[in-house]
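The residues making up each chain are set out below.
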Amino acid sequence: MFVGAFIIFNTFNIVVTQRSRELALFRALGATRRQVMTSVLVEAAVVGLVASVIGVLVGIVLAIGLKAVVGALGLKLPPTALVIAPRTVIVSLLLGTTITVAAAVSPARRASRVAPIEALRESAAPSSSIRRRVIVGTLVTLLGAGSLAAGLFGGVSNAGYLVGLGAALSFVGVAMLSPLVARPIASVLGRPFRRRISGRLGGENANRNPRRTASTAAALMIGLGLVTFVAVFAASLKSSVTGVLDRTLRSDLMLTASQFSPFSPQLARGLSSSPDFSAVSPLRQGAEAKVGSSTTFPVGIDPATITDVANIEMDAGSIAGLSAPNTVAISRTEADGKHLTVGNTLQMQFARTGSQTLTVVGIFEPNALLNDYAISLDTYDANVAQQLDSTVFLKYAPGVDQTTVRANLETLVARDYPSVVVNDQAQTKQTYVKQVDQFFAIVYVLLILSVFISAFGIVNTLGLSIYERIRELGLLRAVGMSRRQVKRMIRVEAVIIAVLGAVLGLVVGILFGWAMQRALSNVGIDRLAIPFGQLVFMLVVAALIGLLAAIWPARRAAKLNVLEAISYE
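Residues numbered from 1 in each chain as written. Predicted model: local features only at pLDDT ≥ 70, side-chain atom pairs only at ≥ 80, totals over all residues. Heavy atoms only, no water.

Peer 1: Just to check I follow, could you spell out the packing of helix 5 (residues 131-153) against helix 17 (residues 483-519) for this structure?
Peer 2: Each packed pair of helices is defined by two parameters, the angle between the axes and the distance between the axes. The geometry of helix 5 relative to helix 17 is characterised by a closest axis approach of 8 Å and an angle of 35° between their N-to-C directions. Remark: the crossing between helix 5 and helix 17 carries left-handed chirality. Contacts between helix 5 and helix 17 involve Leu-148, Gly-151, Leu-152 and Phe-153 from the former and Phe-512, Trp-514, Ala-515, Arg-518 and Ala-519 from the latter. Class assignment of the residues belonging to the contact of helix 5 with helix 17 gives a composition of seven nonpolar, one polar and one charged. (Axes fitted to C-alpha atoms, helices over the stretch in contact; angles between N-to-C directions. Helix = DSSP H or I, 4+ residues; strand = E, 2+ residues; numbered from the N terminus. Left-handed = near helix turned anticlockwise from the far one by under 90°. Contact = heavy atoms within 4.5 Å. Nonpolar A, V, L, I, M, F, W, Y, C, P; charged D, E, K, R; others polar.)

Peer 1: I tried to follow a nonpolar patch on the surface on my own but got confused; where do I start?
Peer 2: A surface patch of nonpolar side chains, about 660 Å² in accessible area, is lined by Val-42, Val-46, Val-50, Ile-54, Val-58, Leu-62, Leu-446 and Leu-449. Secondary-structure elements contributing two or more residues to the nonpolar patch are helix 3 (33-72) and helix 15 (425-468). Broken down by element, the residue count for the nonpolar patch peaks at six residues, all from helix 3. Position of Val-50 relative to the elements: it lies in helix 3. A residue is classified by how much of its surface remains accessible, and Val-50, at 46% relative accessible area, is partly exposed. (Patch = residues over 30% accessible without salt bridge, like charges linked within 9 Å, V, L, I, M, F, W, Y side chains within 5 Å. Areas by Shrake-Rupley, 256 points an atom, 1.4 Å probe, with all protein chains shown as cover. Salt bridge = Lys/Arg side-chain N within 4 Å of Asp/Glu carboxyl O. Buried < 20%, exposed > 50% of the residue type's maximum accessible area, 1.4 Å probe, protein only.)

Peer 1: How should the pairing of strand 1 (residues 253-257) be read in this particular structure?
Peer 2: The side chains of a regular strand alternate, first on one face of the sheet and then on the other. For strand 1, a buried count of five out of five residues is recorded, marking the element as mostly surrounded by other parts of the structure. With burial as the criterion, each face of strand 1 is covered, one bearing Leu-253, Leu-255 and Ala-257 and the other bearing Met-254 and Thr-256. Pairing analysis gives four bridges linking strand 1 to strand 11 (residues 391-396), with the strands arranged antiparallel. In the sheet register, Thr-256 faces strand 11, and the bridge partner there is Thr-391. Here strand 1 pairs with strand 12 (residues 420-424) via five bridges, running antiparallel. Bridge pairing links Leu-253 to Asp-424 in strand 12. (Pairing = 2+ DSSP bridges.)

Rendered as structure tokens:
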């Protein structure tokens, strides 16, 4: 939505500029400012409605494709047919039309301020000052920075939400302030192309109107900024999860379900009597419960064996205290947020037994195994109808042949529990990393769509700017510039705009990725990882997007009739 709004805003700004003489004639003939503004908004509403209808149809096709992509990533969705609810269509049409009209408000107001005297000008009116834009952009950026600071350093419980709000405001603020840096950055990016006159002119075209260049690049900045943010956050999450598992896991093997479905506790009971293992510790989760107004998924553990297979860092109390009935251990994050200490009680509401009073016997540091609330297996079974294991941790007995024991275990599991997978510590880490990759792969697909939408914005802006520069292009052709040189000039301009947006997006995305990692460090995401290889790849892709986006505008510019272009008004 952000990307589309910027493209719409930029398009209507260019159209209003090109039609300034026409709008001035309307004013000279007696049209009021309100009538001019209304005409632009009505045009935006019609365009938005038509585009929304097309978008709904394209979205249905994309939904079918996305379902196939999700299947290819190894995630199984329910085998149901595609559902197209009337509410979805209505909301999409209303949202698309509303965003289009909202994005056209500022250009419409600018159109209403066109003076009748503009009809007598031979050339376009000089661009207005960007002082107001700088002031508003600075205020929005400061609000975003303030929200980020509150989320990072304010010690509030909803830090993630504040960081998200700050990121959104900062995106808008940076986009509004980008004309201030568009010209110097575009000048630097254009230096490699200055050896040829077509490259020099392409760079000058990108520098000539920094407001338009920045607005066009802003759409790509947002798309690539979000992709960069997700890439940094995903890399940080994988690195943090791996680190937490290194610090937490003591077990040699883990039994998990291949399709995230729990399995019978009979497997753990049978293995607990085997001399091949010194510790067998089942873990149960998946049952929904409520603490106050928040929903949680308590974890059921065996307090007698969990410390043999996992290193649980305790801030207060002990896990052994869970052996008493109706007790609970909570994470430090949840304890701080709800102001709970050891000895306090809380009300946890289960679907089967209703509200239960549990006594806090321990506070632990967040880790990858336990959620916010951990209860004993006995308490879990007394309040949850489905008593199935999600994971079983195993530790070899001293002196056993580990290769033989694992082979026998895999044979047993394959015969009696075909949905269960046997993993060692290294394989467990890879499983967690794969799950993170699968989840973020869906996000990547959706964000890449916004990047391609921003490419259409570059095509649109270049096409409209060529219409505006018909006489200029005709003069260039008349003084000897070839069609190939004209094409190269447009391509250079497009590449500079695309790389400008990519550079801004990478910088903003890295900052927001760091901010989100910092905000969530108290829940276990304590490592920052920047995937430099992916970021370089994104920069190269942005340049290629610029080249592809310039194909149609460059062909159109090269095919202009020289005499008609020179005489065009």
